[in-house]
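Coordinate analysis (summary)
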Amino acid sequence: MRPEEQFSSQLVLIDRILASICRRNAFPLDESEDFASWAKLRLVADDYGVFRKFEGRSSISTYLTTVIVNLFRDYRIHRWGKWRPSAEAKRLGAAAVQLETLINRDGRT
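Once a new chain begins, its residue numbering starts again from 1 and follows that chain's sequence as written. Owing to the predicted nature of the model, reporting of local features is limited to residues with pLDDT of at least 70; listing and counting of side-chain atom pairs is limited to 80 or more, with chain, interface and lining totals taken over all residues. Hydrogen atoms and water are omitted, and side-chain values are computed over all heavy atoms in the structure.

1. Side note on a nonpolar patch on the surface
Two joining distances apply to patches: 9 Å for like charges and 5 Å for nonpolar side chains (Val, Leu, Ile, Met, Phe, Trp, Tyr), and every residue must have over 30% relative accessible area and no salt bridge. What sets the accessible areas is the Shrake-Rupley method with a 1.4 Å probe; for residues, cover comes only from the shown protein chains. Salt bridge, as used here: a side-chain nitrogen of Lys or Arg that lies within 4 Å of a carboxyl oxygen of Asp or Glu. Together, Leu 99, Leu 102 and Ile 103 make up an exposed nonpolar region whose accessible area comes to about 240 Å². Along the chain, Ile 103 falls in helix α6 (residues 94-105). Helix and strand definitions here come from DSSP, where helices need a minimum of 4 consecutive H or I residues and strands a minimum of 2 consecutive E residues; each element is numbered from the N-terminal end.

What follows is the structure, given as structure tokens:
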């Protein structure tokens, strides 16, 4: 089966996985729709590369779930960025890391 046919035949499963991940992470409806369209675009990118890489060592649902969970992680980093405490805050201890988190990451005063 060609990759584009696999994508079309698994579209219901893909939508179910996307909805499940968005529910589990308490995404609002508009953000869920944005993520779903972004993820589908990634699934068809590189001429359906995700489907061409499927080797059949697991079920297609397990494979797609793993791929979409990883896409969700990438989407969160893409939208919100990746934050890490500074080396100085780490040296000063847990209280300094928490203070830096509140001020720099969360935007508190």
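So that's the structure; there's more coming.
2. Some words on the pattern of salt bridges
Side-chain pairs of opposite charge can arise where the charged atoms are in close proximity. Tallied over the full model, the rule gives 8 salt bridges. Glu 31 is the salt-bridge partner of Arg 79, the closest N and O atoms lying 3.6 Å from each other. Taken together, the positions of Arg 79 in helix α4 (residues 60-80) and Glu 31 in helix α3 (residues 29-52) put the pair 48 residues apart, joining distant regions of the chain. Arg 79 sits in the partly exposed class, given a relative accessible area of 44%. Only protein chains enter the accessibility calculation, which uses a 1.4 Å probe; a residue whose area is less than 20% of its type maximum is buried, one above 50% is exposed, and one in between is partly exposed. A relative accessible area of 14% places Glu 31 in the buried class. Connected via shared salt-bridge partners are Arg 2, Glu 4 and Glu 5.

3. Re α3
Across the chain, bend at a residue is computed as the angle between axes fitted to the seven residues ending at that point and the seven starting from it. At Asp 46, α3 is bent by approximately 100°, the largest bend along its length. Among the residues making up α3, those that are buried are Glu 31, Ser 32, Phe 35, Ala 36, Trp 38, Ala 39, Leu 43, Tyr 48, Gly 49, Val 50 and Phe 51. Contacts are residue-level and defined by heavy atoms, with any inter-residue pair within 4.5 Å sufficient. Elements that come into contact with the buried residues of α3 comprise α1 (3-9), α2 (11-24) and α4.

4. Looking at the packing of aromatic side chains
Any Phe, Tyr or Trp ring, taking Trp's six-membered ring, that has another such ring centre within 6.5 Å forms a pair; planes under 30 degrees apart are called stacked, those over 60 apart edge-to-face, and the others tilted. Applying the stated rule across the entire model yields 9 aromatic pairs. Consider the rings of Phe 54 and Tyr 63, whose centres lie 4.9 Å apart with planes at 50°: the pair is tilted. Through pairs of rings, three or more aromatic residues link up here, namely Phe 27, Phe 35, Trp 38, Phe 72, Tyr 75 and Trp 80.

5. Topic: unusual backbone geometry
Look at Ala 26: it is not a glycine, yet its phi comes out positive at around 55°. Locating Ala 26 in the fold gives a position in the loop between α2 and α3. For Ala 26, a relative accessible area of 66% corresponds to the exposed category. A positive phi is found at Tyr 48, a non-glycine position, where the angle reads about 60°. By the element assignment, Tyr 48 lies in helix α3.

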